[in-house]
Amino acid sequence: MAYNCVVLAKQVPDTANISGKAMKEDGTVNRAALAAIVNPEDLNALEMALQVKERHGGNVTVLTMGPPRAAEILREALYRGADRVILLTDRKTAGSDTLATSYVLKCAVEKIGDYDLIFCGRQAIDGDTAQVGPQVAEKLGLPQITYAESILSLDGREITVRRAFPLGSETVKCRLPCLLTVVSSANQPRPASARRTLAYKLAAIPQEYPALLARWPEFETEEALDLFLGERGLRISVWNGADAGVDYDRVGLGGSPTKVLNVNYVVLGASESKEVDATKEGVAALIDELVKDYTL
Ligand SMILES: Cc1cc2nc3c(=O)[nH]c(=O)nc-3n(C[C@H](O)[C@H](O)[C@H](O)COP(=O)(O)OP(=O)(O)OC[C@H]3O[C@@H](n4cnc5c(N)ncnc54)[C@H](O)[C@@H]3O)c2cc1C
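In this text the structure is predicted, and so the values were computed from the model without any measurement.

Trainee: It is not clear to me how helix α3 (residues 98-112) should be interpreted in this structure. Could you clarify?
Mentor: Note that an α-helix has 3.6 residues per turn; residues three or four places apart therefore point the same way. For α3, built from 15 residues, the straight-helix expectation of 21 Å at 1.5 Å per residue is met to within 8% by its first-to-last C-alpha distance of 21 Å. Where burial is concerned, most of α3 is hidden: twelve out of the 15 residues are buried. Taken as a whole, α3 has its buried residues at Thr98, Ala100, Thr101, Ser102, Tyr103, Val104, Leu105, Lys106, Cys107, Ala108, Val109 and Ile112. Looking at the packing, one finds that the buried side of α3 touches β1 (3-8), β4 (58-65), β5 (84-88), β6 (117-121), α4 (132-140) and β11 (237-239). Two to three positions downstream of the cap, the backbone nitrogen of Leu99 sits 3.2 Å from a side-chain oxygen, assigning the N-cap of α3 to Asp97. One or two steps after α3, the chain reaches Gly113, where phi turns positive at roughly 65°.

Listed below in structure tokens is the structure:
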């Protein structure tokens, strides 16, 4: 039996390589100043979906909600094997908290329709809440399997999954359709394929056409470029909230019950660091000290 998979992927600032001012005065992330990547666990989610497609047939659709720049991660998904990608971008959704974000994603997934499995990363490395996957499942009325590490079997309308935790694992079964949030230990995401990168390097959204025309002036007009891309399946679908049937009262800052009141920076000074001898005794003394002050 073939399965239609939807992967929810988020473009995130590369928090492992921060330079410059990472936060704005209003407490939101200064995304323009940071390099942007696919949220790492979303690559694990994509890999799991691609493996389902390879073993059983079906298709993989990747959906992201974000600014036009998020088209970058959709190209990345195409390079790695996605069949279809969709960007949901709408200024009215800016400032959405997890409740509003999951509502928009739920609307978009309903518009995609005919899905068997939805894959999310467990957690995004910027917002870090791990709430969006479970909230999307809740809003769609679907069962959810969080911390999914391995699909042990997929048989007809039933899936068996191993969930992984720091202190063990659990095996659960559920009926499709369902939503999985995938952990980083699930797999080694495949790299972009060279063949697919060549095939999809021109895949674009209309907002990117001016930059493409500057590189390939022979297309002359955006209309001609759009026709060329459309005929070759390289026009990335772009939806706004209305396309997905979103009620705008439920999104953006106005539709978000969570408000960021304050952002605190933690700066570790030299007095808070300590050098430990790289010996058995040095480590034992450190453990002793941490047990005594109840850190461990
Ligand atoms: C008051 C408030 C204001 C905010 N304002 C802004 C703002 O102005 N700009 C801004 O960028 N963020 C803003 N945020 C952050 C925003 O809420 C989160 O980025 C977003 O809701 C996702 O939450 P998370 O990062 O914790 O994702 P998690 O719940 O940790 O993500 C889990 C998984 O859900 C999926 N997922 C999450 N987000 C998306 C997405 N957008 N598209 C597709 N899949 C997704 C992915 O599979 C991901 O791995 C704001 C938050 C609050 C509370």
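Structure's up, so let's keep going.
Trainee: Would you explain the site of the ligand in this entry?
Mentor: Taken together, 32 residues form the shell around the ligand, and within it Leu8, Lys10, Asp42, Ala124 and Thr129 come nearest. Here a nitrogen atom of the ligand and a backbone polar atom of Met65 are 2.9 Å apart. Thr98 is positioned such that a nitrogen or oxygen atom in its backbone is 3.5 Å from an oxygen atom of the ligand. Within the complex, 87% of the 940 Å² of free accessible area of the ligand lies under protein. Every element with two or more residues in the shell around the ligand is listed here: β4, α3, β6 and α4. Broken down by class, the residue content of the shell around the ligand amounts to ten nonpolar, 14 polar and eight charged.

Trainee: Could you clarify how one ought to interpret the sheet that holds β6 in this entry?
Mentor: Hydrogen bonds along the backbone pair up the strands of a sheet, which may run parallel or antiparallel. Taken together, nine strands build an open sheet; the order of strands is β9-β8-β7-β10-β6-β1-β4-β5-β11 and the sheet is mixed. What marks the edges here is a single partner per strand, and that holds for β9 (168-175) and β11. Along the sheet, successive strands turn relative to each other by an average axial angle of 30°, direction set aside. With four bridges joining them, β1 and β6 adopt parallel strand pairing. Looking at the pairing, Leu8 lines up with Cys120 of β6. Here helix α1 (residues 40-56) sits on the sheet in contact with β1, β4, β6, β7 (144-155) and β10 (178-182), set at roughly 155° to β6.

Reading the values: the criteria
Residues numbered from 1 in each chain as written. Predicted model: local features only at pLDDT ≥ 70, side-chain atom pairs only at ≥ 80, totals over all residues. Heavy atoms only, no water. Helix = DSSP H or I, 4+ residues; strand = E, 2+ residues; numbered from the N terminus. Expected span 1.5 Å × (residues − 1). Buried < 20%, exposed > 50% of the residue type's maximum accessible area, 1.4 Å probe, protein only. Contact = heavy atoms within 4.5 Å. Polar contact = N/O pair within 3.5 Å; in protein donor to acceptor, adjacent residues only side chain to side chain. Near = heavy atom within 4 Å. Areas by Shrake-Rupley, 256 points an atom, 1.4 Å probe, with all protein chains shown as cover. Nonpolar A, V, L, I, M, F, W, Y, C, P; charged D, E, K, R; others polar. Pairing = 2+ DSSP bridges. Axes fitted to C-alpha atoms, helices over the stretch in contact; angles between N-to-C directions.

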